[in-house]
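# A closer look at the structure
Now for the letters of each chain:
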Amino acid sequence: MTDVLHLTGTVVVDDDTELTDAWVVDGRLTLTAPAGADHARTLAGWVLPGLVDVHCHVGLGPHGEVDAEEALVQAKADRDAGTLLIRDAGSPMDNRWVQARDDLPRLIRAGHHLARPKRYLRHYGLELDDVADLPQAVAEQARFGDGWVKIVADWIDRSEGAASDLRPLWPADVLTDAVAAAHENGARVTAHAFSHEVVDALLDAGVDGIEHGTGMDADQMAEVARRGIPVTPTLLQVSFFDRFAEQAGERYPLFGERMRRMHARRYEQVRAFHDAGVALLMGSDAGGTIAHGSLPEELAEVVRAGVPTHDVLAAASWRARRMLGVPGIEEGASADVVVYDADPRADVTATARPTAVVLRGRPY
């Protein structure tokens, strides 16, 4: 007899739909009681589609690419925290091997970050010597990845001495050609954007997502909301901005002051996104200096900023899955769910205490 798993309690499908029961048979969900249901193992509580981390870097450490053993530890930490779907927002590692392992989260890859020499963190991404090479590089990453490309759109330019500050990496016309190249190759583009100045060029280029968005003003937020462009606020990362300012010291005072301002208003910024109707996605920015498995901490930070808990959970689960084209809880879908002993839509801290994680039908 096929083993059957019974999910019962409150089964959250989406914003409008709850069920009392679902079952897992051969790794797949069914919403009607199957043969063998009377003898099924039961997992009870609040059952949600597996969490989604849309800004995560499997294979990235503080100094660049890590080995496969460390990347395996990273991916398992995400899984055990309930993150069962990752959009990898750029990695120096060719991490396609993660997709072949049934015990690791589902992975949608954005290929390698695209940046410029001395204009991003060393050893993190592909560095293009000539800005004119960006469209071709984007086309290559679009073919290498899984429908997404990650562009680093701004970073400090240290060549200006005391006047150094965040500056766009790419001319506006090159950005436009690059986004078009991605679209021609069936991929969407998401862009690292700290500064205010870079956002208009990204919007003019037709970008499909914005990471961080710390410098966006009200008009830009309104336009992003109108177009339905998702923003991933990465508050765990932004919490380090005061440290970046301290490191800048007296050598780069303008940059330091800007980072302090954005750090001080980080919660206000995220509330403003929500109030403007911006579609928010949740991303831990794990990899580099942030530990994997940190998505529940990120969710708590976004709630602390003033975004309703229900919206935060939706953005980290069924809404993100819809945006990425990956099923949640529906007939025949892969059984990728997380079970909690309290409703995380009411108490976000419950996400840090999953009672069961079910990936491809296997409980962890």
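From a predicted model like this one, the values you see are computed outputs, not experimental measurements.

A few words now on helix H5 (residues 218-227). By the burial criterion, the buried members of H5 are Gln220, Met221 and Val224. Taken down its axis, H5 places every buried residue within 100 degrees of arc, on the same side. Exposed and facing more than 90 degrees away from the buried side of H5 are Ala218, Asp219 and Arg226. Check the buried side of H5 and you find it contacts helix H4 (199-205), strand E16 (209-212), strand E17 (231-232) and helix H9 (266-275). For H5, the side-chain oxygen to backbone nitrogen distance between the N-cap and Asp219 is 3.2 Å, and the N-cap itself is Asp217. Within two residues after H5, Gly228 carries a phi angle of roughly 75 degrees, on the positive side.

It is worth spelling out the sheet that holds strand E5 (residues 51-56) at this point. On the basis of which strands lie adjacent, the open sheet formed by three strands has the order E5-E8-E9 and parallel pairing. Both edges of this open sheet fall to E5 and strand E9 (106-109), since each of them pairs with a single strand only. Strand-to-strand twist of the sheet, defined as the mean angle between neighbouring strand axes without regard to direction, takes the value 20 degrees. With four bridges joining them, strand E8 (residues 83-88) and E9 adopt parallel strand pairing. Across the sheet, Ile86 pairs through a bridge with Leu107, a residue of E9.

Take the sheet that holds strand E4 (residues 41-49) next. Two modes of strand pairing occur in sheets, parallel and antiparallel, and in both the strands are linked by backbone hydrogen bonds. Spatial strand order, E3-E2-E1-E4-E18-E19-E20: seven strands in an open sheet with mixed pairing. Looking along the sheet, the strands with just one partner apiece sit at the ends: strand E3 (28-30) and strand E20 (362-363). With four bridges connecting them, strand E18 (residues 337-340) and strand E19 (residues 354-359) associate as antiparallel partners. Bridging across to E19, Tyr340 finds its partner in Pro354.

Turning our eyes to something else, we now look at the side chain of Ser195. Within the secondary structure, Ser195 sits in the loop between strand E15 (188-193) and H4. Here the side chain of Ser195 touches Asp154 through a polar contact of 2.6 Å, side chain to side chain. Within polar-contact distance, the side chain of Ser195 engages the backbone nitrogen of Val198 at 3.5 Å. When residues no more than four places from it in sequence are discounted, the contact partners of Ser195 are Asp154, Leu166, Gly215 and Arg258.

The next subject is unusual backbone geometry. Phi angles above zero are rare outside glycine, and Thr234 is one such case at about 45 degrees. Judged by relative accessible area, Thr234 falls into the buried class, the value being 0%. A positive phi is found at Arg360, a non-glycine position, where the angle reads about 55 degrees. Looking at where Arg360 falls in the secondary structure, it is placed in the loop between E19 and E20.

Turning our attention to the pattern of salt bridges. If you walk through the whole model with that rule in mind, you get 19 salt bridges. Ionic pairing is found between Arg79 and Asp80, a salt bridge with its closest N-O pair at 2.8 Å. One salt-bridge network, held together by shared partners, links Asp15, Asp311 and Arg319.

Conventions adopted
- Residues numbered from 1 in each chain as written.
- Predicted model: local features only at pLDDT ≥ 70, side-chain atom pairs only at ≥ 80, totals over all residues.
- Heavy atoms only, no water.
- Buried < 20%, exposed > 50% of the residue type's maximum accessible area, 1.4 Å probe, protein only.
- Helix = DSSP H or I, 4+ residues; strand = E, 2+ residues; numbered from the N terminus.
- Arc of directions from axis to C-beta.
- Contact = heavy atoms within 4.5 Å.
- Polar contact = N/O pair within 3.5 Å; in protein donor to acceptor, adjacent residues only side chain to side chain.
- Pairing = 2+ DSSP bridges.
- Axes fitted to C-alpha atoms, helices over the stretch in contact; angles between N-to-C directions.
- Salt bridge = Lys/Arg side-chain N within 4 Å of Asp/Glu carboxyl O.

Keep in mind that these numbers describe shape and distance, not what the molecule does.
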